[in-house]
Amino acid sequence: MEEISPKKSELKKSCVNCGAELTYAPGTTELKCDYCGHTETIAPSENGFEELELKPYLEKMGSQKHSEEITMLHCKNCGANQHIEENYKSLSCIYCGSPLIIEDAYKEEWILPGAVLPFQIDQKKAFQIFKKWVDGLWFAPNNLKKAALDPEKTRGLYAPYWTFDAQLYADYTGQRGEYYYVTKTVGSGKNKRTVQERRTRWYPASGSVSGFVDDTLIKASNQKTGVIPQKIARWNLKMLKPFDSSYLAGFVTEKYTIPLLEGHLESNKIAEQIADSWIRRDIGGDTQQVTSTDMTLSEETFKHVLLPVYVSTYRFKGKRYNFFVNGQSGVISGERPYSFWKIFFFVLAILCVIGLIYLFSK
Ligand SMILES: [Zn+2]
Ligand SMILES: [Zn+2]
């Protein structure tokens, strides 16, 4: 029997006291009313994570049980698909700042997230981290601080990722190399001396490796500009929670633009690298050559997960800049403009100092 359940993606909750929309309070398991301070606890999930079997998804996309409709806004400027749940007060693209029009919103299917990593730091804290960073920038134009530091512009985004689990098995053939040294005489006459030279003796090797590949993380956002930098794209996935749309309240959620199929190909490449490192360890010796690898993945499952990032977008002299703060760890990264004149005078000052030292040393 098909069970009719309420929509999991969009479950708006209003405050029982004043009717305002409740939003998720970072670092807690509560929804909070920004107006009267009323809080509500998000009930822990009874089901745990939903790891989905990969095969049926890849074979018949579109007819999935775990999909449902969600309201999306498409940015015509940069192509990001986003679901905005913040009372629609400032409707602009999280990546590029372009205005979005609520009338353009449309319903779209998405594979329900299997897990979400709730924000651990709030917007205020993220803004402080960001401000401290901007204040500490060397050679930044003076006007930058004014342009960048609008607290309203730092917004929380749940970025889409795929994670894959699989049982890996690989047969291999290769060679184990062991180092040895020979003593050689080089030079002639007065410069004659002996040196140690390294050589490798090779032995054939073959065997198999196997193991569980857990949580291979693949980004599912196809952004061309405003890409989340590798430096901050590290989260402690031990803190993932079973998906509950309550955690999305007050934040922007991006829909994946890299389809599952492509994400899976990417994860296969990573599985191949993992297999290679396991094989090399298995071969042992000082160095290894892997001649052939026959890898199979079985019991493959995947999850669509949402991970927290604060994004700040600002324009400076016609160019767009993005800053990112990891919503769990607070690590920051961003592009920044340099002031030509500040660097020019700094270099000039150094040259003067060098010049003076030179003169006095004479
Ligand atoms: Zn209230
Ligand atoms: Zn955009």
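The shown structure was predicted, so the numbers you read here are calculated from the model rather than taken from an experiment. (Residues numbered from 1 in each chain as written. Chains lettered and ligands numbered in written order. Predicted model: local features only at pLDDT ≥ 70, side-chain atom pairs only at ≥ 80, totals over all residues.)

Draft legend 1. Molecular detail of the overall build of the protein chain. Along the protein chain, the regular secondary structure elements total 5 helices and 15 strands. Taken over C-alpha atoms, the radius of gyration comes to 27 Å for the protein chain, far larger than the 21 Å a tight globule of 362 residues would show. The C-alpha extent of the protein chain, read off along each of the three principal axes, is 95 × 75 × 35 Å. In the protein chain, buried positions account for 30% of the 362 residues. Sequence-distant contacts in the protein chain: of pairs separated by 6 or more residues, those separated by 24 or more amount to 74%. (Helix = DSSP H or I, 4+ residues; strand = E, 2+ residues; numbered from the N terminus. Rg over C-alpha atoms; globule rule 2.2 N^0.38 Å. Buried ≥ 20, exposed ≤ 12 C-beta atoms within 10 Å, placed from the backbone. Contact = placed C-beta atoms within 7 Å.)

Draft legend 2. Representation of the UniProt feature "transmembrane region" (unreviewed entry) in the protein chain. UniProt's feature table lists "transmembrane region" (unreviewed entry) at residues 338-360, given in the numbering used throughout. The span residues 338-360 carries 91% helix and 0% strand; its end-to-end C-alpha distance comes to 34 Å. (UniProt positions renumbered as here; feature names shortened; annotations may be inferred.)

Draft legend 3. Representation of the environment of D244 within the structure. Mapped onto the elements of the fold, D244 is located in the loop between β11 (241-242) and β12 (252-254). Judged by the 20 C-beta atoms lying within 10 Å of it, D244 falls in the buried class. Sequence separation between D244 and C93 is 151 residues, and the spatial gap between their C-alpha atoms is 24 Å. Residue contacts for D244: discarding those within four places in its chain leaves I42, S45 and V116.

Draft legend 4. Local environment of the sheet that holds strand β2 (residues 30-33). Read from one edge to the other, the open sheet built from 3 strands follows the order β1-β2-β3, with strand pairing classed as antiparallel. Taken across any chain shown, the strands that pair with only one partner, and hence form the sheet edges, are β1 (22-25) and β3 (39-41). Here the average twist between neighbouring strands, direction ignored, is 35°. The pairing of β1 with β2 spans 4 bridges and is classified as antiparallel. The residue of β2 that forms the bridge with A25 is E30. (Pairing = 2+ DSSP bridges. Axes fitted to C-alpha atoms, helices over the stretch in contact; angles between N-to-C directions.)

Draft legend 5. Molecular detail of helix α4 (residues 260-283). Taking 1.5 Å as the rise per residue, α4 with 24 residues should run 34 Å; its terminal C-alpha atoms sit 34 Å apart, in good agreement. The set of residues buried in α4 consists of L260, G263, H264, S267, A271, A275, I279 and I283. On its buried face, α4 is in contact with α1 (54-59), β7 (106-111), β9 (154-186), β10 (193-219) and β13 (287-316). Looking one or two residues beyond α4, the residue adopting positive phi is G284, at roughly 75°. (Expected span 1.5 Å × (residues − 1).)

Draft legend 6. Representation of the pairing of β2 within the structure. Burial along β2 is one-sided: the residues L31 and C33 are buried and none of E30 and K32 is. Connecting β1 to the next strand, β2, in antiparallel fashion are 4 residues, including G27 with a positive phi near 85°. Note: β2 against β3, 3 bridges, orientation antiparallel. Residue L31 lies in a different strand from β3, and its bridge partner there is E40.

Draft legend 7. Summary view of helix α5 (residues 340-361). Under the 1.5 Å per step criterion, the end-to-end length of α5 is 32 Å for 22 residues, consistent within 8% with the ideal 32 Å. Within α5, only 0 of the 22 residues are buried, which leaves the element largely exposed.

Draft legend 8. Region of interest: unusual backbone geometry. A positive phi angle is found at D215, which is not glycine, with a value near 50°. Within the secondary structure layout, D215 lies in strand β10. Judged by local crowding, D215 falls into the partly exposed class, with 13 C-beta atoms found within 10 Å. The phi angle at E299 is positive, at roughly 50°, despite the residue not being glycine. Note that E299 resides in strand β13. C-beta crowding within 10 Å serves as the criterion here: with 13 such atoms nearby, E299 is assigned to the partly exposed category.

Draft legend 9. Structural view of the pairing of strand β5 (residues 67-74). In this sheet, β7 lies alongside β5 in antiparallel orientation, the contact comprising 6 bridges. In the sheet register, T71 faces β7, and the bridge partner there is K107. Inspection of the sheet shows β5 paired to strand β6 (residues 81-84) by 2 bridges, in the antiparallel sense. Across the sheet, H74 pairs through a bridge with N81, a residue of β6. Taking the residues that link successive antiparallel strands as the turn, the β5-β6 hairpin has 6 residues, and the phi of G79 there is positive, at about 90°.

Draft legend 10. Quick look at the environment of E40. Relative to the helices and strands, E40 resides in strand β3. With 305 residues separating them along the chain, E40 and F345 place their C-alpha atoms 56 Å apart. When residues no more than four places from it in sequence are discounted, the contact partners of E40 are L22, E30 and L31.

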